[in-house]
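Chains, contacts and geometry: an overview
Each chain is listed here by its residues.
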Amino acid sequence: KVISDTTEVQDFDNLFSSEPVSGYPESWIERLKIFENEPLALGLIKESDTSIDQLVTTRKVKQVGYGITESEIAEAKRLGFLPATASLPKKLTKAEADKWMLTITIPTYEKQVEEIVKVPLTKAQKFALISFCHNSGRNNLRKLVNQKDRLNDGNYLLTCAMIEKYDNASGN
């Protein structure tokens, strides 16, 4: 069971409407986990509490597990990966966070990439844009690929170079 911010108990197993994604290299998934929450990914802690991540942004963003935020919850609901009643959990065990990554996080950001990007991608390019979208958001992905002479105009190289401009959050 997962306790939501509204203190109602959510049946964790029933939150998931899809099977875990497949076709992604385990090494890529593990790197995503380590980047988002190294102690949890490496098993150094048994669960992740909802916390305020002040290093990522100047506005206070609650997150749990491997960087799950309210905006991820909203997008997962919009895309049908979570029911309308789902909310940000207060705690997730490592096993729950791992399952969430495979059934909610990756499919949510993969679908966003598929909605926004209009040109063919290699698997590696798709993995990079899923990770980018997870960390920088849907609107930044849209800006990255839709500006003149960018990815959706077929300019793969400029888009790669422009990703580096998104290296900092709020100047940090």
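The coordinates are above.
Quantities reported herein were computed from a predicted structural model and do not represent experimental measurements.

1. Structural notes on the pattern of salt bridges
One pass over the structure, following the stated rule, counts nine salt bridges. A salt bridge links Asp98 to Lys33; the nearest nitrogen and oxygen atoms lie 3.2 Å apart. Within this pair, whereas Asp98 is found in helix α3 (residues 94-116), its partner Lys33 is found in helix α1 (residues 26-41), the two being separated by 65 residues in sequence. Each member of the pair, Asp98 as well as Lys33, carries the same accessibility label: buried. Glu114 is the salt-bridge partner of Lys126, the closest N and O atoms lying 3.0 Å from each other. Of this pair, Lys126 sits in helix α4 (residues 123-136) while Glu114 is found in helix α3, placing the two residues 12 residues apart along the sequence. When its relative accessible area of 22% is taken as the criterion, Lys126 is described as partly exposed. Classification of Glu114 as partly exposed rests on a relative accessible area of 40%. Among the ionic contacts, a cluster of salt bridges with common partners joins Glu30, Lys33, Lys94 and Asp98.

2. As for the packing of α3 against helix α5 (residues 138-146)
As a packed pair, α3 and α5 sit with axes 10 Å apart at the nearest point and diverge in direction by 35°. Seen from above, α3 lies across α5 with right-handed handedness. Packed against α3, whose contacting residues are Gln112, Val113, Glu115 and Ile116, the element α5 presents Arg138, Leu141, Arg142, Val145 and Asn146 at the interface. Residue classes in the contact of α3 with α5 are distributed as four nonpolar, two polar and three charged.

3. A few points about the environment of Phe81
Summarising the element assignment, Phe81 is placed in the loop between α2 (70-78) and β6 (91-93). Along the sequence, Phe81 and Ile104 sit 23 residues apart, while their C-alpha atoms lie 6.1 Å from each other.

4. What to know about the environment of Tyr156
Residue placement: Tyr156 occurs in helix α6 (residues 156-163). Under the relative-accessibility criterion, Tyr156 is labelled partly exposed at 26%. Setting aside residues no more than four positions away along its own chain, Tyr156 makes contact with Val119, Pro120, Leu121, Gln125 and Leu151. Of note is the side chain of Tyr156, whose polar atom sits 2.6 Å from the backbone oxygen of Pro120.

5. Notes on the side chain of Gln112
Within the secondary structure layout, Gln112 lies in helix α3. Among the polar contacts made by the side chain of Gln112, one reaches the side chain of Glu75 at a distance of 2.8 Å. When neighbours within four sequence positions are excluded, Gln112 is seen to be in contact with Glu75, Arg78, Leu79, Cys133, Arg138 and Leu141.

6. Some thoughts on a nonpolar patch on the surface
Judged by side-chain polarity, Ile34, Leu42, Leu44 and Ile45 come together as a nonpolar surface patch covering roughly 350 Å² of accessible area. Following the sequence through the fold, Ile45 ends up in the loop between α1 and β3 (47-49). The exposure class assigned to Ile45 is partly exposed, which follows from its relative accessible area of 34%.

7. Some points on the packing of α3 against α4
α4 packs onto α3 with a crossing angle of 105° between their chain directions and a minimal axis gap of 9 Å. The angle between α3 and α4 falls in the class roughly perpendicular. Two secondary-structure elements touch here, α3 through Thr105, Ile106, Tyr109, Glu110, Gln112, Val113 and Glu114 and α4 through Lys126, Leu129, Ile130, Cys133 and His134. Taken together, the residues of the contact of α3 with α4 sort by class into six nonpolar, three polar and three charged.

Rules behind the numbers
Residues numbered from 1 in each chain as written. Predicted model: local features only at pLDDT ≥ 70, side-chain atom pairs only at ≥ 80, totals over all residues. Heavy atoms only, no water. Salt bridge = Lys/Arg side-chain N within 4 Å of Asp/Glu carboxyl O. Helix = DSSP H or I, 4+ residues; strand = E, 2+ residues; numbered from the N terminus. Buried < 20%, exposed > 50% of the residue type's maximum accessible area, 1.4 Å probe, protein only. Axes fitted to C-alpha atoms, helices over the stretch in contact; angles between N-to-C directions. Left-handed = near helix turned anticlockwise from the far one by under 90°. Contact = heavy atoms within 4.5 Å. Nonpolar A, V, L, I, M, F, W, Y, C, P; charged D, E, K, R; others polar. Polar contact = N/O pair within 3.5 Å; in protein donor to acceptor, adjacent residues only side chain to side chain. Patch = residues over 30% accessible without salt bridge, like charges linked within 9 Å, V, L, I, M, F, W, Y side chains within 5 Å. Areas by Shrake-Rupley, 256 points an atom, 1.4 Å probe, with all protein chains shown as cover. Parallel < 35°, antiparallel > 145°, perpendicular 65-115°, else oblique.

Read these as geometric descriptors, not functional statements.
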